[in-house]
Structure formats: C-alpha cells, structure tokens
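Each chain, letter by letter, is given below.
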Amino acid sequence: MKKPIVLTGKFTENLLRYVLYFLLVAVTPLLAKPTATLFDWVSYGQLRVFFTELFTAIFWLLEFAALILIENAIRKKLSPQTEESTAEEQEEQSPKQKKAKRVKEQVPPLAMWRVGALTAIAAVCILVISAQIRFEVKPFYDIGEKVTGYELLDKIGAIVRNVVKCVWITLLLKAAYAMSEELLPFLKAQDKPWLGWLLAGAMLMLFGVYDVLVWKNPFAVTYLLFYATFTAVYYFAEKRDVKTYLLILFIYIF
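This is a predicted model, so every value here is computed, not measured. Throughout, residues of each chain are indexed from 1 in the direction in which the sequence is written. Thresholds applied to this predicted model are a pLDDT of at least 70 for local features of residues and 80 or more for the giving and counting of side-chain atom pairs; totals over whole chains, interfaces and linings are not thresholded and use all residues. Water and hydrogen atoms play no part in the side-chain values, which are based on all heavy atoms of the structure.

1. Description of the nonpolar core
For soluble globular proteins, nonpolar side chains are generally found buried alongside one another.
Item 1. The definition of a nonpolar core used throughout is a set of buried Ala, Val, Leu, Ile, Met, Phe, Trp, Tyr and Cys residues joined through side-chain atoms within 4.5 Å. Burial status follows relative accessibility: with a 1.4 Å probe on protein chains alone, a residue under 20% of its type maximum counts as buried, one over 50% as exposed, and anything between as partly exposed. In this structure, Tyr-18, Trp-168, Ile-169, Phe-207, Phe-230, Ile-251 and Tyr-252 are the most contacted members of the largest nonpolar core, which totals 54 residues.
Item 2. The helix and strand labels rest on DSSP assignments: H or I over at least four residues marks a helix, E over at least two residues marks a strand, and numbering proceeds from the N terminus. Those elements that place two or more of their residues in this core are helix H1 (9-37), helix H2 (48-78), helix H5 (112-132), helix H7 (149-186), helix H8 (193-214), helix H9 (220-236) and helix H10 (241-253).
Item 3. The leading source of residues in this core is H7, at 14 residues.
Item 4. Contacts are assigned to residue pairs that have any heavy atoms within 4.5 Å of one another. With sequence-adjacent residues up to four places away left out, Ile-169 is seen in contact with Leu-204, Phe-207, Tyr-227, Phe-230, Ile-248 and Tyr-252.
Item 5. Core analysis: the second largest hydrophobic core is formed by 6 residues, Ala-32, Leu-47, Phe-50 and Phe-51 among them.

2. Remarks on the packing of H8 against H9
Item 1. Angles shown run from 0 to 180 degrees and are taken between the N-to-C directions of axes, each axis being a line fitted to C-alpha atoms and, for helices, limited to the stretch in contact. Put simply, H8 and H9 touch, their axes get as near as 9 Å, and they point 145 degrees apart. Two packed elements cross with a definite hand, and for H8 against H9 that hand is right-handed. The residues of H9 that touch H8, namely those facing Trp-197, Ala-200, Gly-201, Leu-204, Met-205, Phe-207, Gly-208, Val-209, Asp-211 and Val-212, are Ala-220, Tyr-223, Leu-224, Tyr-227, Ala-228, Phe-230, Thr-231, Tyr-234 and Tyr-235.
Item 2. Under the grouping applied here, Gly and all other residues not named as nonpolar or charged are polar, the nonpolar ones being Ala, Val, Leu, Ile, Met, Phe, Trp, Tyr, Cys and Pro and the charged ones Asp, Glu, Lys and Arg. Across the contact of H8 with H9, the residue classes break down as 15 nonpolar, 3 polar and 1 charged. By convention, the crossing between two helices is left-handed when the near helix turns anticlockwise from the far helix through less than a right angle, and right-handed when the turn is clockwise.

3. Considerations on a nonpolar patch on the surface
Item 1. Patch membership needs two things, relative accessible area over 30% and no salt bridge, and members are linked within 9 Å if like-charged or within 5 Å if nonpolar (Val, Leu, Ile, Met, Phe, Trp, Tyr). Computed with the Shrake-Rupley method and a 1.4 Å probe, the accessible areas treat only the protein chains shown as cover for residues. For this analysis, a salt bridge means a side-chain nitrogen from Lys or Arg found within 4 Å of a carboxyl oxygen belonging to Asp or Glu. Together, Leu-15, Val-19, Leu-23, Val-27 and Leu-31 make up a nonpolar patch on the protein surface, roughly 390 Å² of accessible area in all.
Item 2. Looking at the element boundaries, Val-19 is found in helix H1.

4. Describing the environment of Ala-26
Item 1. Structurally, Ala-26 can be placed in helix H1.
Item 2. Between the C-alpha atom of Ala-26 and that of Val-214, which follows or precedes it by 188 residues, the distance is 9.0 Å.

5. With respect to H9
Item 1. Over its 17 residues, H9 runs 25 Å from end to end, which matches the ideal 24 Å to within 8%, given 1.5 Å per residue.
Item 2. All of the buried residues in H9 are Thr-222, Tyr-223, Phe-226, Tyr-227, Phe-230, Thr-231, Val-233, Tyr-234 and Phe-236. In a helix, the anticipated span is given by 1.5 Å times the number of residues less one.

6. Thoughts on the side chain of Asn-14
Item 1. Relative to the elements of secondary structure, Asn-14 occurs in helix H1.
Item 2. Leave out the neighbours within four places in its chain, and Asn-14 touches Ala-175, Ala-178 and Met-179.

7. What to know about the pattern of salt bridges
Item 1. One pass over the full model with this rule turns up 10 salt bridges.
Item 2. With a shortest N-O distance of 2.7 Å, Asp-211 and Lys-165 are connected by a salt bridge. Note that Asp-211 is positioned in helix H8 and Lys-165 in helix H7, a separation of 46 residues in sequence. Like Lys-165, Asp-211 is buried.
Item 3. What you see here is one network of salt bridges that share partners, running through Glu-13, Arg-17, Glu-71 and Arg-75.

8. Brief notes about the packing of aromatic side chains
Item 1. When the centres of two rings from Phe, Tyr and Trp lie within 6.5 Å, Trp using its six-membered ring, the rings pair. Their planes under 30 degrees apart give stacked, over 60 give edge-to-face, and anything left gives tilted. Evaluation of the coordinates by the stated rule reveals 23 aromatic pairs.
Item 2. For the ring pair Phe-39 and Phe-55, a centre distance of 5.3 Å and an interplane angle of 35 degrees mean the geometry is tilted. Placement of Phe-39 in the loop between H1 and H2 and of Phe-55 in helix H2 is noted, with a sequence separation of 16 residues between them.
Item 3. For Phe-55, a relative accessible area of 14% gives the class buried.
Item 4. Among the aromatic residues, those joined into a ring-pair cluster are Tyr-18, Phe-22, Phe-207, Tyr-210, Tyr-227 and Phe-230.
Item 5. The criterion is that NZ of a Lys, or CZ of an Arg, lies within 6 Å of the ring centre and within 35 degrees of the ring normal, and then a charge sits over that ring. A cation over an aromatic ring shows up here: Arg-114 above the ring of Tyr-235, its NZ or CZ 5.2 Å from the ring centre.
Item 6. Taking the ring centre of Trp-215 as reference, the NZ or CZ of Arg-161 above it sits at 3.8 Å.

See the structure below:
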C-alpha cells in the first residue's frame, strides 16, 4: 500500500510531538493529584491544592528536560558521522574563521515593524482582559482579596503552573506550524503561506479549547481569542522560540 503523500517524515515526526505534548499536558495533572496527597501531613491536607499545582509544574519541567535529552540522544544516534565531520572541521578552522562563523550564525534582531506588531498584540490582549476585570492587575485579580494563607498559596501555585504550561503551548505551536508546512504541498498551496499559519492556528486552538474547558477558565472566550493571537506572535517573532514563549507568557499571565 502506497503511503499518502501527506505522511512525510517531518509531518509524522511533528504529529507525534504534538500528540505527545498534548498527552503530557493532559495526563500529568492527574498524576500530580495522588502525589499531592502524600503531603497531607503538612497542615492537615489544607495545602493539597497547592501541592497539586506545584507537582504539576515540577513534573512538566522534568518531562520537558527528558524530551530534550531523548531527542538529543536520537539525533546523535542517527547522525554520528555528520557530527564527527563537523567536529573535525571546527578543529581545522583558525580562531579567526571560528569568530567569523559565530558572527555569521548570530540571529539578527527583529525588524522594528515586527517589534511594533508584537507590542500592539500584547497591548490589545492586556487591554481586553483588563476591561473585563475592571482594570485590575491580572495576577492580583487572580489571587483575589481577603484570602487566607492557604488560599494565597493555592493561587500562587496556579500561576506557577501556568508559567510552565506556556512552555507546552509554545512547543505545541511549533509542532503545529511544522505540520502545516508539510500540508501545503499536499493541498497544492505552496504559494499561499498564510494558509500554513491558518492551519497552525487551528491546530493550536484544539488545545486552547481543552485548556479553557478543563481548567474552567472564567474568561474562556477571551482566552480562546488569545490562542488565536499566539500564532500571530509566532509569525511576527519569526518563529523564535524564546521570544514567542515570553510574549505568550506575558499575555497569558497578565
């Protein structure tokens, strides 16, 4: 049976990544709950919610680190000859050549119009959510007023969990766009790059729907709109992971 054209190696690889990331985000909180009960001896179980949020964040970070190690190990195993030749080339280069190569490999700063677009996106998102909470500072609004010490820790734990969750949102977006790039030739739309971004946004929105429903976000519609803007952030940030993460984090938290 002939393999469908769309199932290229890159598409399959990123589809597996997308599914794996989604599963890790969905399953890990379920594992964190029973782990949190092991600490019920602290304050007679009144910190269970806090420990659940904390262990969710910790497990996510450990999973992220494990994925990096596994991916690096697989890459080394699949291309040992390439790495050996690269190492030999680096040894043969003079210090001057190495310096010139480093300068060449440095990523240039974003164009000002892109910086302006990212600033506008962040400002509009903050304005939209601020208008819904009477222009309070979002983290303070999430924490609330007249909370007990235990409730304060629970709220802080939720914020920490969301900080780490934004890492997964960035990874999901990256995998979604990589898949959409492979879909364009299949759809005979190579001359329509905007369609790739639209497809990536649609795939990220699947996670967005899960996110706002499972975590019972009180501003579900607003945050779904935010998920639509995350794809625009990735575009204007020229697919730079760190910048994309920081902007997504800023929009998500504030």
